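Observations on the three-dimensional arrangement
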Amino acid sequence: MKATAVVGLTRKDFQTDQEVRWCPGCGDYAILASVQKVMPELGIPRENIVFISGIGCSSRFPYYMNTYGFHTIHGRAPAIATGLKNTRPDLQVWVVIGDGDALAIGGNHFIHALRRNVELKILLFNNRIYGLTKGQYSPTSEFGKKAKSTPYGSIDEPIDPIRIALATNASFVARSIDVEAKHLQDMLRRMAEHRGAAVLEILQNCNVFNDGAWDHLTNKETKAENQLVLEHDKPLLFANGKKGIRLRGLQPEVVEVGEGGADVSEILVWDEKAPPALAFALANMGPGFPTPIGVFRQVERPVYHELEEEQARQVTERLGPGDLAKLLAGRDTWTVE
């Protein structure tokens, strides 16, 4: 959705009179600040923006955005947002969901919104824990996680939201971090410009029930070694350019770059428009590899509400206007006496 003639909006215009009620130090504050900063730049009237959430700490988001909003039910935010977008395609619809909300009870709604390419902007807050219900392990919690519901350690393999999104052939898949404000805001702008389903996983800290889950990516002493920033048409370098990712067949490997190591020409140049196998290769990197942040994939494909409108037009052209009464009394109905 491109900018319109709307001018003069500021971050303050997107703030509400509601007291923001998250735990002090929660990563949600940083995400809220970034979203409120980016919204005025989009040039979209506030009445044409909607925030829809499910259940969880992050789902209080609509209360704090001075736009239209809907606090819905657990896991169903993408389904409700799909209905709104299909009936009001002129609206820009944002969905705010947590890792438990999106990937446990809401797993099917999440994947089907992406595979259908419904034009939603999905913000998936991932703190690897159930925060609102006080510290149970979530679908993204690491193997062995000791939490209130797994006192001896989780025996479940964690779900990776990026790999799930790529498997649905989602047209925009990205990751950022709550405290990396500049990077997060860049990802939000990219999402807003994209036509189709866009999902952004935001690695977010829960300082009460899972403090430090992403410390290796945010601490100044360690983040250079652990963050791999994906930039289209640029080599995959990290550790201040001293290391890079090279492909050996389809297998990524970390190599030293420079004197005594690999030449920069050997380093994989990132292509966010490549077939998903390349993005899968990076998403599957495990221990010993840096964590990629940025856009994994961005491609154009038909948008769901436009396909739906075209199909309805073709059917009407061939069969004429629909008749609900005739449908209800058709050959596939019967009367029980």
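In the block above lies the structure referred to throughout.
Residues numbered from 1 in each chain as written. Predicted model: local features only at pLDDT ≥ 70, side-chain atom pairs only at ≥ 80, totals over all residues. Heavy atoms only, no water.

**Let's talk about the sheet that holds strand β7 (residues 227–230)**
Convention followed: DSSP bridges decide pairing: two strands pair if at least two such bridges lie between them. For helices the rule is a DSSP run of H or I covering at least 4 residues; for strands it is a run of E covering at least 2, with both sets numbered from the N terminus onward. A fitted line through C-alpha atoms represents every axis, and for helices the fit uses only the stretch in contact; the resulting angles, taken between N-to-C directions, go from 0 to 180 degrees. Here a residue-residue contact requires only that any non-hydrogen atoms of the pair lie within 4.5 Å.
The eight strands are arranged β2-β1-β3-β4-β6-β5-β11-β7 in an open sheet whose pairing can be described as mixed. The open sheet terminates on both sides in strands that have one partner only, identified here as β2 (68–71) and β7. Taking each pair of neighbouring strands and ignoring which way they run, the sheet shows an average axis angle of 20 degrees. In terms of strand pairing, strand β5 (residues 172–177) meets strand β11 (residues 291–298) through four bridges, oriented antiparallel. What sits directly across from valine 173, in β11, is arginine 297. The strands touched by helix α4 (residues 107–115) are β3 (92–98), β4 (120–126) and β6 (198–203); relative to β4, the strand with the most contacts, the crossing angle is about 140 degrees. Helix α9 (residues 276–283) rests against β7 and β11 of the sheet, and its axis sits at about 165 degrees to β11.

**Things to note about the packing of helix α2 (residues 77–87) against α4**
Put simply, the rule reads: Each residue is assigned to one class: nonpolar for Ala, Val, Leu, Ile, Met, Phe, Trp, Tyr, Cys and Pro, charged for Asp, Glu, Lys and Arg, and polar for all the others, Gly among them.
Where α2 contacts α4, the two axes come as close as 7 Å, and the packing angle between them is 35 degrees. Residues Pro78, Ala79 and Thr82 of α2 form the contact with α4, whose own contacting residues are His109, Phe110 and Ala113. Grouping the amino acids of the contact of α2 with α4 by side-chain chemistry returns four nonpolar, two polar and no charged.

**Some details on α2**
The line we're drawing: Partly exposed residues are those whose accessible area sits between 20% and 50% of the maximum for their type, while under 20% is buried and over 50% is exposed, using a 1.4 Å probe and protein chains only. Of all possible arcs, the one meant is that of the directions from the helix axis to the C-beta atoms.
Three or more residues of α2 are buried, namely Ala77, Pro78, Ala81, Thr82, Lys85 and Asn86. Down the axis of α2, the buried set is contained in an arc of 155 degrees. They therefore lie on one face. Against the buried residues of α2 lie β1 (49–53), β3, α4, β4 and α10 (304–319).

**Observations regarding the pattern of salt bridges**
Condition: Should a side-chain nitrogen of Lys or Arg be within 4 Å of a carboxyl oxygen of Asp or Glu, the pair is scored as a salt bridge.
Taken as a whole, this structure holds 20 salt bridges when the rule is applied. Here glutamate 253 and arginine 246 are joined by a salt bridge, their closest N and O atoms 2.8 Å apart. Overall, the relative accessible area of 17% leaves glutamate 253 in the buried class. Notably, a salt bridge pairs glutamate 266 with arginine 246, separated by 2.7 Å at the nearest N-O pair. One end of the pair, glutamate 266, is in the loop between β10 (251–256) and α9; the other, arginine 246, is in strand β9 (residues 243–248), and 20 residues separate them in sequence. Here the salt bridges do not stand alone but share partners, grouping Glu41, Lys182, Asp186 and Arg189 into one network.

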